[in-house]
Protein chains: 2
Amino acid sequence: MREQLSKTEIEQYLAAGLELAKLCREVILSTVSSGFEVSRKADRSVVTEADLQAEKAFRARVEELFPNHGILGEEFGATRPDAKFQWIVDPVDGTEEFAAGLPLYGTIIGLHYNGQPLIGVIDHPAFNTTYSAGHRLGCYKNGKRLDPNQVMKDLPPDVSPRVGLSPRRNFKRYQDNGAVFDQLVREFDNHRIYHSCYDHTAVVNGSLDAKVEWGLRIWDLAAIQVLVEEAGGKYTVVKQEERPGGGVAYSVVFGKRALVDQILPICRS
Amino acid sequence: MREQLSKTEIEQYLAAGLELAKLCREVILSTVSSGFEVSRKADRSVVTEADLQAEKAFRARVEELFPNHGILGEEFGATRPDAKFQWIVDPVDGTEEFAAGLPLYGTIIGLHYNGQPLIGVIDHPAFNTTYSAGHRLGCYKNGKRLDPNQVMKDLPPDVSPRVGLSPRRNFKRYQDNGAVFDQLVREFDNHRIYHSCYDHTAVVNGSLDAKVEWGLRIWDLAAIQVLVEEAGGKYTVVKQEERPGGGVAYSVVFGKRALVDQILPICRS
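Residues numbered from 1 in each chain as written. Chains lettered and ligands numbered in written order. Predicted model: local features only at pLDDT ≥ 70, side-chain atom pairs only at ≥ 80, totals over all residues. Heavy atoms only, no water.

Undergrad: Before we move on, could you go through the interface of chain B and chain A and cite the residues and values that matter?
TA: Each partner contributes residues to the interface: chain B has 31 residues there, and chain A has 31 residues. Summed over both sides, the interface between chain B and chain A buries roughly 2,900 Å², with carbon and sulfur atoms accounting for 45% of that surface. Inspection of the region where chain B meets chain A yields 12 salt bridges. The shortest N-O distance in the salt bridge between Arg-186 of chain B and Asp-182 of chain A comes to 2.8 Å. At the boundary of chain B with chain A, the tally comes to 23 residue pairs in polar contact (both at pLDDT 80 or more). Elements with a contribution of two residues or more to the side of chain B that touches chain A: α3 (95-99), α5 (168-171), α6 (178-187), β12 (191-192) and α7 (196-204) of chain B. Here the side of chain B that touches chain A gets four residues from one element, more than from any other, and that element is α6 of chain B. (Contact = heavy atoms within 4.5 Å. Buried area = accessible area lost by both parts, 1.4 Å probe. Salt bridge = Lys/Arg side-chain N within 4 Å of Asp/Glu carboxyl O. Polar contact = N/O pair within 3.5 Å; in protein donor to acceptor, adjacent residues only side chain to side chain. Helix = DSSP H or I, 4+ residues; strand = E, 2+ residues; numbered from the N terminus.)

Printed below as a string of structure tokens:
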């Protein structure tokens, strides 16, 4: 379906995605410099003024640019859920780290067309670093194209791969898949749990070799598929499950191709 | 023993520690900007020009400042191992992250007196952030004193603590303590594995609630005890074991006091 769209059209959407990321960054950094309150949502997860204000600014700008497109955000739900084009945003992914003063959070933006990702942007305000990709356009770090032969190069056989994981609590959130986590940490014992979208961009630039994400919502994953595929890597959905509170949770593996193929059987066991 | 030393004397050593950290940072950042080779040591761990050059500069400057003090570094071993004062350095802790282009690495510097820590400095060049502490002098982030009532405040009962861990491979390195890791990830399932000294400073500033480090060498831990104690937290050695290749490996827990007390029985089981 997305093949119907011209490269020029996708380039325009990518430019809009970068503008939206810049807007979110401005809101987030102004919240940081003026200080912000941390509150907890009904599910006890953390939310800050930065999440709320950045998503509001994002939504308002999408309404101006593309009044017929849908919008789906972590904080304020869905607008025009039946539209073909869907702008999806997690304004502050890694809110727990953000609220604790750690720089590893980021803004995740994706534009999906009939359910297929067209563009993806992950911005790290604290690092002044933006990753972006468009379908058939390549993957970029601060505007410089990443070379798939560099960032997705297979590892030498005697080097133990560095695999990012979700924390174990994610594996038990909807069903008890703790055994999958336990098997992964045995097989890939040089693991990291940086958390959230910091892992996504670490995979895209080749610093992490692969990542297993478990039980995430669509806005957490809105950017990574097109980013990692355009960087030359592989992205596979392991499972989708209905959440008790409504909506779908996704478990996915992405990264260097041969390594993803090694990880998948464990995730499916 | 360290109580014999005056506050003024310790302040002078702390100033020297900060000067040494600045020197290492300059060497590391100049290596980054000029590009560097990554090689592997006999144990297959990674080493770069930054590790080697920073430790050389560190050693030369200690020789000038304190010609009777001992020096112990990760890359070049021990000088005057019988001296009362020992300057201990890991020039690039988290070399694997450093070599992969991730900003989470740091320089660890400690001065120990008769085996007791006097001063500790952890510098993160990529974040322009330095943590420092001296025995009885308090703990500082970029020169600003941290308030123990803020950074080591106990958690509300309904918040799941964020606990940093070593990767599972550390728990199996000398003896098979994989079961300790498995129990920790069950009891504290909102864990992180940022790796190395990034976790140390995250504990010191209260962003991580505690950290369990397993099977580390003295240079990895040279700064953290005095940093965390002066920040108002607790530091406990769980075990020391002789390494097959010589030297001692340490397993330790540090962070918020009540949480450290909850974690210790699992580590000792």
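Undergrad: Can you tell me about the relation of the copies chain B and chain A, naming the residues and giving the values?
TA: The two copies are related by a screw operation: chain B maps onto chain A through 180° of rotation and 0.0 Å of translation along the axis, at an RMSD of 0.0 Å. Here the copies are linked by what is in effect a two-fold axis. Of the interface residues in chain B, 100% have counterparts in chain A that sit at the interface too, so the contact is made through matching surfaces. (Least-squares fit on C-alpha atoms with pLDDT ≥ 70 in both.)

Undergrad: Let's hear about the packing of α6 of chain B against helix α9 (residues 257-268) of chain B: which residues, and what values?
TA: The description of two helices packed together rests on the angle between their axes and the distance between the axes. Residue and element names in this part refer to chain B. Running from N to C, α6 and α9 point in directions that differ by 150°, and their axes come no closer than 9 Å. Taken together, the axes of α6 and α9 are roughly antiparallel relative to one another. Pair α6 / α9 crosses with right-handed handedness. Residues Val-180, Gln-183, Leu-184 and Glu-187 of α6 touch α9, and the partners they reach there are Ile-263, Ile-266 and Cys-267. Within the contact of α6 with α9, the residues separate by chemical class into five nonpolar, one polar and one charged. (Axes fitted to C-alpha atoms, helices over the stretch in contact; angles between N-to-C directions. Parallel < 35°, antiparallel > 145°, perpendicular 65-115°, else oblique. Left-handed = near helix turned anticlockwise from the far one by under 90°. Nonpolar A, V, L, I, M, F, W, Y, C, P; charged D, E, K, R; others polar.)

Undergrad: A description of the pattern of salt bridges should follow, citing residues and the corresponding values.
TA: All names here are of chain B. Per the counting criterion, the structure on display carries 40 salt bridges over all chains. A salt bridge links Arg-169 to Glu-96; its shortest N-O distance comes to 3.2 Å. Taken as a pair, Arg-169 in helix α5 and Glu-96 in helix α3 lie far apart in primary sequence, 73 residues in all. What makes Arg-169 partly exposed here is its relative accessible area of 25%. (Buried < 20%, exposed > 50% of the residue type's maximum accessible area, 1.4 Å probe, protein only.)

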